[in-house]
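Listed below are the residues making up each chain.
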Amino acid sequence: MANYRHLVFFTGAGMSVESGIPTYRGSGGVWAQYNYQEYACQEAFERDPEKVWDFHDRRRELIAGCQPNAGHRIIAKAAAHYPRVTVITQNIDGLHQRAGSREVIELHGSIWRLVCAATGEVRENFEVPLRNRRCRPDCYWRPDIVWFGDPLRAETIEAAVAALKDCDLFLSIGTSAVVYPAARLPLIAMESGAHTIEINPEETELSSLYRETRRQTASEALRELFPALAAV
Ligand code: APR
């Protein structure tokens, strides 16, 4: 692992399981309990903003009580040991940043940011629960999250694609690779000739395309791959 120049860690909900945050799919998944069409899309928000905010406040409350895990910390420490480390995450929990990662591309936004639809103002907010759900008397704050049906921001995709084209080591961690366009991003790293590793206790649709697959949890695999970082 010593001589790589640019590492990209591409993470999904499985990265945060060991912090106590459930995944979206599989047993106990969020979408097994909640129909995303009622809680996590623009149409639901316009139909019943209070119901959507109740759901997101519950998510904020759960996440606020969780800590980055050993896997997040190893990724954060990698930045001091390699010329460049980029985190491209599908997660909205902010745990990579709390662990100390600096270059983090949040493909699906963040549950800790709010957007005012009337003015476009974006604001960080860590209140649990959110004290004032309205940015103006006639307008609700919207969670700055890419919900189902929302486009990803062009600048976010551009930054991710540039990192994927430049990296020489690509590690996919804890994603089921079923949500597009995020699920297509690993193919860019593969085409750019990077060494690619998939870390996931389960097979995914893309597993056969990786140079290396590790049927382990995020922290188990990262401890083995980066023992010097796990020790410090
Ligand atoms: N370590 C690593 N991977 C794990 C662990 C673990 N401890 N536990 C579970 N996993 C794996 C599961 O096997 C699964 O493949 O994490 C993956 C989680 O898959 P999803 O729940 O589908 O999460 P993700 O791939 O991040 O979903 C993508 O879908 O709902 C939308 O916007 C949401 O960002 C999310 C996107």
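It should be noted that the structure appears before, not after, this text.
Just so we're clear, the structure is a prediction, and the values are computed from it rather than from any experiment.

**Points about the overall build of the protein chain**
Thinking step 1. Assigned secondary structure in the protein chain consists of ten helices and ten strands.
Thinking step 2. For 232 residues, the compact-globule formula gives about 17 Å, and the C-alpha radius of gyration of the protein chain, at 18 Å, lands near that figure.
Thinking step 3. Dimensions of the protein chain, computed from C-alpha atoms along their principal axes, come out at roughly 55 × 30 × 30 Å.
Thinking step 4. Considering the protein chain as a whole, with its 232 residues, one finds that 52% of them fall into the buried category.
Thinking step 5. Pairs at least 24 apart in sequence give 64% of the contacts found in the protein chain among residues at least 6 apart.
Thinking step 6. Of the accessible surface of the protein chain, which amounts to about 10,900 Å², a share of 50% is contributed by carbon and sulfur atoms.

**Focus: the packing of aromatic side chains**
Thinking step 1. Evaluated as defined, the whole model comprises 14 aromatic pairs.
Thinking step 2. Consider the rings of Trp31 and Phe148, whose centres lie 5.7 Å apart with planes at 70°: the pair is edge-to-face. In this pair, Trp31 sits in helix 1 (residues 30–33) while Phe148 sits in the loop between strand 7 (139–145) and helix 7 (154–166), placing the two residues 117 residues apart along the sequence.
Thinking step 3. Given the relative accessible area of 29%, Phe148 is considered partly exposed.
Thinking step 4. Members of the aromatic cluster, each reached through a chain of ring pairs, are Tyr24, Trp31, Tyr34, Tyr36, Tyr39, Phe55 and Phe148.

**Side note on the site of the ligand**
Thinking step 1. For the ligand, the set of nearby residues contains 21 residues, the closest of which are Tyr24, Arg25, Thr175, Ser176 and Asn200.
Thinking step 2. Between an oxygen atom of the ligand and a main-chain N or O atom of Gly174, the distance comes to 3.3 Å.
Thinking step 3. The contact in question runs from an oxygen atom of the ligand to an N or O atom on the side chain of Ser176, over 2.6 Å.
Thinking step 4. When the ligand is considered free in solution it has 730 Å² of accessible area, and contact with the protein chains removes 91% of it.
Thinking step 5. For the shell around the ligand, the per-class residue count stands at eight nonpolar, ten polar and three charged.

Thresholds applied
Residues numbered from 1 in each chain as written. Predicted model: local features only at pLDDT ≥ 70, side-chain atom pairs only at ≥ 80, totals over all residues. Heavy atoms only, no water. Helix = DSSP H or I, 4+ residues; strand = E, 2+ residues; numbered from the N terminus. Rg over C-alpha atoms; globule rule 2.2 N^0.38 Å. Buried < 20%, exposed > 50% of the residue type's maximum accessible area, 1.4 Å probe, protein only. Contact = heavy atoms within 4.5 Å. Areas by Shrake-Rupley, 256 points an atom, 1.4 Å probe, with all protein chains shown as cover. Phe/Tyr/Trp six-rings, centres within 6.5 Å; stacked < 30°, edge-to-face > 60°. Near = heavy atom within 4 Å. Polar contact = N/O pair within 3.5 Å; in protein donor to acceptor, adjacent residues only side chain to side chain. Nonpolar A, V, L, I, M, F, W, Y, C, P; charged D, E, K, R; others polar.

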